[in-house]
Number of protein chains: 2
Amino acid sequence: IAKEVAKLLEMKAQLGGDEGKHKFVLKTPKGTRDYSPKQMAIRERVFNAIITCFKRHGAEVIDTPVFELKETLTGKYGEDSKLIYDLKDQGGELLSLRYDLTVPFARYLAMNKITNIKRYHIAKVYRRDNPAMTRGRYREFYQCDFDIAGQFDPMIPDAECLKIVHEILSDLQLGDFLIKVNDRRILDGMFAVCGVPDSKFRTICSSVDKLDKMPWEEVRSEMVGEKGLSPEAADRIGEYVQLHGGLDLVERLLQDPKLSQNKLAKEGLGDMKLLFEYLTLFGIAGKISFDLSLARGLDYYTGVIFEAVLLQQENDHVEEPVSVGSVAGGGRYDGLVGMFDPKGRKVPCVGVSIGIERIFSILEQRVEASEEKIRTTDTQVLVASAQKKLLEERLKLISELWDAGIKAEMLYKKNPKLLNQLQYCEDTGIPLVAIVGEQELKDGVVKLRVVATREEVNVRRESLVEEIRMRTSQP
Amino acid sequence: IAKEVAKLLEMKAQLGGDEGKHKFVLKTPKGTRDYSPKQMAIRERVFNAIITCFKRHGAEVIDTPVFELKETLTGKYGEDSKLIYDLKDQGGELLSLRYDLTVPFARYLAMNKITNIKRYHIAKVYRRDNPAMTRGRYREFYQCDFDIAGQFDPMIPDAECLKIVHEILSDLQLGDFLIKVNDRRILDGMFAVCGVPDSKFRTICSSVDKLDKMPWEEVRSEMVGEKGLSPEAADRIGEYVQLHGGLDLVERLLQDPKLSQNKLAKEGLGDMKLLFEYLTLFGIAGKISFDLSLARGLDYYTGVIFEAVLLQQENDHVEEPVSVGSVAGGGRYDGLVGMFDPKGRKVPCVGVSIGIERIFSILEQRVEASEEKIRTTDTQVLVASAQKKLLEERLKLISELWDAGIKAEMLYKKNPKLLNQLQYCEDTGIPLVAIVGEQELKDGVVKLRVVATREEVNVRRESLVEEIRMRTSQP
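Cut-offs applied
Residues numbered from 1 in each chain as written. Chains lettered and ligands numbered in written order. Predicted model: local features only at pLDDT ≥ 70, side-chain atom pairs only at ≥ 80, totals over all residues. Heavy atoms only, no water. Helix = DSSP H or I, 4+ residues; strand = E, 2+ residues; numbered from the N terminus. Buried < 20%, exposed > 50% of the residue type's maximum accessible area, 1.4 Å probe, protein only. Contact = heavy atoms within 4.5 Å. Pairing = 2+ DSSP bridges. Buried area = accessible area lost by both parts, 1.4 Å probe. Salt bridge = Lys/Arg side-chain N within 4 Å of Asp/Glu carboxyl O. Arc of directions from axis to C-beta. Least-squares fit on C-alpha atoms with pLDDT ≥ 70 in both. Axes fitted to C-alpha atoms, helices over the stretch in contact; angles between N-to-C directions. UniProt positions renumbered as here; feature names shortened; annotations may be inferred. Polar contact = N/O pair within 3.5 Å; in protein donor to acceptor, adjacent residues only side chain to side chain. Parallel < 35°, antiparallel > 145°, perpendicular 65-115°, else oblique. Nonpolar A, V, L, I, M, F, W, Y, C, P; charged D, E, K, R; others polar. Domains from an automatic or database assignment.

Our next topic: the overall build of chain A. From N to C terminus, chain A includes 17 helices and 16 strands. A principal-axis box enclosing the C-alpha atoms of chain A has dimensions of 95 × 65 × 55 Å. Here chain A holds 475 residues, and the buried ones make up 54% of them. Long-range contacts, defined here as pairs at least 24 residues apart, represent 67% of the contacts in chain A between residues at least 6 apart.

Structure, rendered in structure tokens:
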């Protein structure tokens, strides 16, 4: 009932908007938000860390339109397709907002016949999901994707993707984390040896994917009850999906009498062994967990899959660290580009997507808690006046500073009070004030005041730019 | 007929997409495009210049969602409203893609009760217009907006907006340009004294706005024929809109027997005089032309309006420089925020929007013509091997370099040929190669090769990072 009332109220409010100018609802669409200058400052820090890492690994950058032809997205996301935003048919092509950056990337490769590229793409994607904004789940959100496309020797690009996740999460200092890895081939092999019919691989895989949110008993009853799997097969799966470990587990499963007989599983396990060798050389194997319960939702993965989770640190007394949610994920998708190519030519791809919104939520909460003061501008100096009737002089001086590349502001008042000008610096964190007064003008100097210490020095006008630069240069 | 055939073919292609996987049209939606790494490199240069300028003037940055409630955009754009993209009604709120960044900004101010801010916003906006992509007109395009909101002394923020346009166009070195200014109050006053009825101000203003694309005779016949203005009134307007000049023209019009009697015109001319004084102090009055034919399309302007045009330079023999189109525009809109505020409280605003797509087209053509080689990555060094079986050593070394913050790449092959590795550097502009070989490993050194000069030196492993930094540091 409450829901229905809310709906009716919303409808009423919308109708009201048509009646009178000032009656509409003043809000952003459901599941979206504005970013304030302070939030933007945090967002830019995070983006910088991520872009720096992507560039360190030699990635180029591309961009694609926010919408695609509807048919470009059709048949790529399985059950999730219902979450795609469509545009209204206003004549012409049928369009949809992009759901991720991976499908547009594959379309871009096929369209431009590119068989070899390492690129990143940072942009917003759109999902008509149930938003949970406090936990960083939105209908409009950023993805930061890094992908390597091309025919290469096994597991070298895959290992680099994991290295990148490790670098970014370490760099952002989000606390302890774990990167779970698995392989779709191992999963499929496991399903086969457990007695899952081929036709049920996908749907049973979806059930396994829920293990991070549901206990095994519930997942099992979904498999048996809803999806008609035999209880014996489910129990056999139940044994495997409990397993997680490192290289030792890979070795053990390579000896597993059932799995080792399955071609797909054997291939996957062999590559997993290689992956762990490379991760050891990268010095990051300690943070990687080979986890047979990791399944990933999307249809298009064909090989290695992975997901990074932050570990809760508050509960130190809990034995097993509890994960607070995924902050990065990805995997290998060797078939997607071929779906777009007129001749079905394949371009093997592997990539990672950083879930920026959750990271951003964590950092925002941390900033709130620490009461750290975040500057939202870079202004070096405020051009101020000590007396009235000096607007012209302020305009002349600030123009000189701008032209010399100094970041400068002034109050947009003809005759501002000095106190108000100093207060503005306190409020916004501007470190210096360049004060013009009648005496200073006569003497050919400007009074430079350091806001923090209240120290004041007269600086000759021709040395002012140099002096400001020196006093505001980052160490 | 050709149009109809094209439509049918498109429909057929779309239908085909549903039949077989590989039959759909491989393209981006009409009026949109992808950005390749090379285009992104140029785009980032332009953005950097613009953002640097906005930050130099102390602007904060915000972001808003790509779509707004449909009603938020309703009634803000006059006739252009038909160009708004609506989203399909999939249940819930009715949404539209943003048409510009100004209306979302005003909505943001009203929603958060902000009465005072200087912010920039760089984002894509959407218009279902007829695209002319070679001339930089798209359906999805970037706007770079800088706005100052707040109650201030007259023309100080307005002058700063013009200073910003001047700085950005100078900095980007696009050739000679002119910034036309006018004032909606002067236009309205002029219409009044010419005998235009109040009810026709807006529509006659739209006609005047076409003067940059149409000769006066056509505009006149539109006014008289389509819009029912008296020929006498049209002819009086015709005399005024020919006028353009500097402070001298402002002074002359202040003496104009008819205009000087009109309250609105007098206010506008008084402020225009003040504006020219401030622009003179900023040293940019020479590039500013007070132009009575400038009208600007959008409904929401209330005071100063302006538009920057690039001047064609090829035709040096032509007496009057010909404009090749607008690259920036803006003005004062003191009523827009009040349309969103429940109590109609006004927040005066003035702002400028840089038309990045046209600038980008010009720079892209220039790069093509000059055959300048643009690097699309920042990679400092390629980690290479001289012999086979050194993959592990390459992985170890590249990991050390990444961890030290060096931008490094390697080929994803187990045993790449040295020649191929060197060729990759030539192709992508990587300046250095760090070569590991058996002898180097024994000696604890790495062979560092400078790609341009082919010079090779052995560097001790522990000094490698420092050596790479030194050799690739920007002067």
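Next up on the list: the pairing of strand E5 (residues 140-149) of chain A. Residue and element names in this part refer to chain A. Here E5 lies mainly inside the structure; 10 of its 10 residues are buried. Burial along E5 is two-sided: Glu140, Tyr142, Cys144, Phe146 and Ile148 facing one way and Phe141, Gln143, Asp145, Asp147 and Ala149 facing the other are all buried. The pairing of strand E4 (residues 117-126) with E5 spans 10 bridges and is antiparallel. Note on E5: the bridge partner recorded for Ala123 is Gln143.

All right, on to the interface of chain B and chain A then. Listed as interface residues are 101 residues of chain B and, on the opposing side, 100 residues of chain A. Around 9,100 Å² of area is buried between chain B and chain A when both sides are counted, 58% of it from carbon and sulfur atoms. Considering only the surface of chain B that becomes buried against chain A, Leu26, Trp402 and Tyr412 of chain B emerge as the three largest contributors, covering 10% of it. Linking chain B with chain A are 18 salt bridges. Across the pair Asp403 of chain B and Lys163 of chain A runs a salt bridge, and its minimum N-O distance is 2.6 Å.

Moving on: helix H8 (residues 216-226) of chain A. Residues and elements named next belong to chain A. For H8, the set of buried residues is Val219, Arg220, Glu222 and Met223. Along the axis of H8, the buried positions cluster into a sector of 155°, meaning they face one direction only. Facing away from the buried surface of H8 by more than 90 degrees, the exposed residues are Glu217, Gly225 and Glu226. Gly228 occupies a position one or two residues after H8 and carries a positive phi of about 70°.

With an RMSD of 0.1 Å, the operation that places chain B on chain A is a rotation of 180° combined with a shift of 0.0 Å along the axis. Those values place the two copies in the arrangement expected of a two-fold rotation axis. Of the residues that chain B buries at the interface, 99% are likewise interface residues in chain A, meaning the two copies contact each other through the same surface.

Residues and elements named next belong to chain A. Read across the sheet, five strands follow the order E13-E12-E14-E15-E16 without closing on themselves; strand pairing throughout is mixed. The sheet is open, and its two borders are formed by strand E13 (408-409) and strand E16 (456-460), each paired with just one other strand. The pairing of strand E15 (residues 445-450) with E16 spans five bridges and is classified as antiparallel. Opposite Leu448, over in E16, you have Val457 as the bridge partner. The sheet contacts of helix H15 (residues 418-428) involve strand E12 (381-385), E13, strand E14 (432-436) and E15, and relative to E12 the element is tilted by about 175°. On the sheet, helix H17 (residues 464-472) packs against E12, E14, E15 and E16 and is oriented at approximately 10° with respect to E15.

Positioned with a positive phi, Gln173 of chain A is a non-glycine residue whose angle comes to about 50°. By the secondary structure assignment, Gln173 of chain A is in the loop between helix H5 (156-171) and strand E6 (177-183). On the basis of relative accessibility, which here comes to 59%, the residue Gln173 of chain A falls in the exposed class. Although it is not a glycine, Lys389 of chain B adopts a positive phi angle of roughly 60°. By the secondary structure assignment, Lys389 of chain B is in the loop between strand E12 (381-385) and helix H14 (391-403). Look at Lys389 of chain B and you get exposed, because its relative accessible area is 74%.

All names here are of chain A. Following the UniProt record, one finds the feature "binding site: L-histidine" (unreviewed entry) at Asp100, Leu101, Thr102, Arg127, Gln143, Asp147, Arg296, Tyr300 and Tyr301. Within the secondary structure, Gln143 is located in strand E5. Once you skip the residues sitting within four places of it in the chain, Gln143 turns out to touch Asp100, Leu101, His121, Ile122, Ala123, Val125, Arg127, Ser353 and Ile354. A distance of 3.4 Å separates the side chain of Gln143 from the backbone nitrogen of Leu101, its partner in a polar contact. In this fold, Tyr301 is placed in the loop between strand E8 (288-291) and strand E9 (304-311). On the basis of relative accessible area, Tyr301 is assigned to the buried category, the value being 8%.

Once that is clear, we can look at the packing of helix H6 (residues 184-194) of chain A against helix H7 (residues 201-209) of chain A. All names here are of chain A. It is at 11 Å that the axes of H6 and H7 come closest, and there the two elements cross at 110°. Put simply, H6 runs roughly perpendicular to H7. Counted together, Arg184, Leu187, Asp188, Phe191 and Ala192 of H6 and Phe201, Ile204, Cys205 and Val208 of H7 form the full contact between these two elements. Looking at the contact of H6 with H7 residue by residue, the classes come out as seven nonpolar, no polar and two charged.

On to the sheet that holds E12 of chain B, then. Residue and element names in this part refer to chain B. Read from one edge of the open sheet, five strands run E13-E12-E14-E15-E16, paired in mixed fashion. Bordering the open sheet on either side are strand E13 (408-409) and strand E16 (456-460), each of which pairs with just one other strand. Sheet contacts for H14: E12, E13, strand E14 (432-436) and strand E15 (445-450); angle to E12, the most-contacted strand, approximately 160°.

On to the pattern of salt bridges, then. In this structure the tally under the stated criterion is 79 salt bridges over all chains. For Arg43 of chain A, the salt bridge goes to Asp63 of chain B, with nearest N and O atoms at 3.0 Å. Of this pair, Arg43 of chain A sits in helix H2 (residues 37-56) while Asp63 of chain B sits in the loop between strand E1 (60-61) and strand E2 (67-69), on two different chains. Residue Arg43 of chain A is classed as buried on the basis of its relative accessible area of 8%.

Our next topic: the pairing of strand E9 (residues 304-311) of chain B. With eight of eight residues buried, E9 of chain B is to be regarded as a mostly interior element. Every second residue of E9 of chain B is oriented toward a common face, with Val304, Phe306, Ala308 and Leu310 of chain B on one face and Ile305, Glu307, Val309 and Leu311 of chain B on the other, all of them buried.

Attention now moves to the domain arrangement of chain A. Partitioning chain A into domains gives domain 1 (37-369) and domain 2 (381-473). When each unit is reduced to the centre of its C-alpha atoms, the spacing between domain 1 of chain A and domain 2 of chain A is 53 Å.

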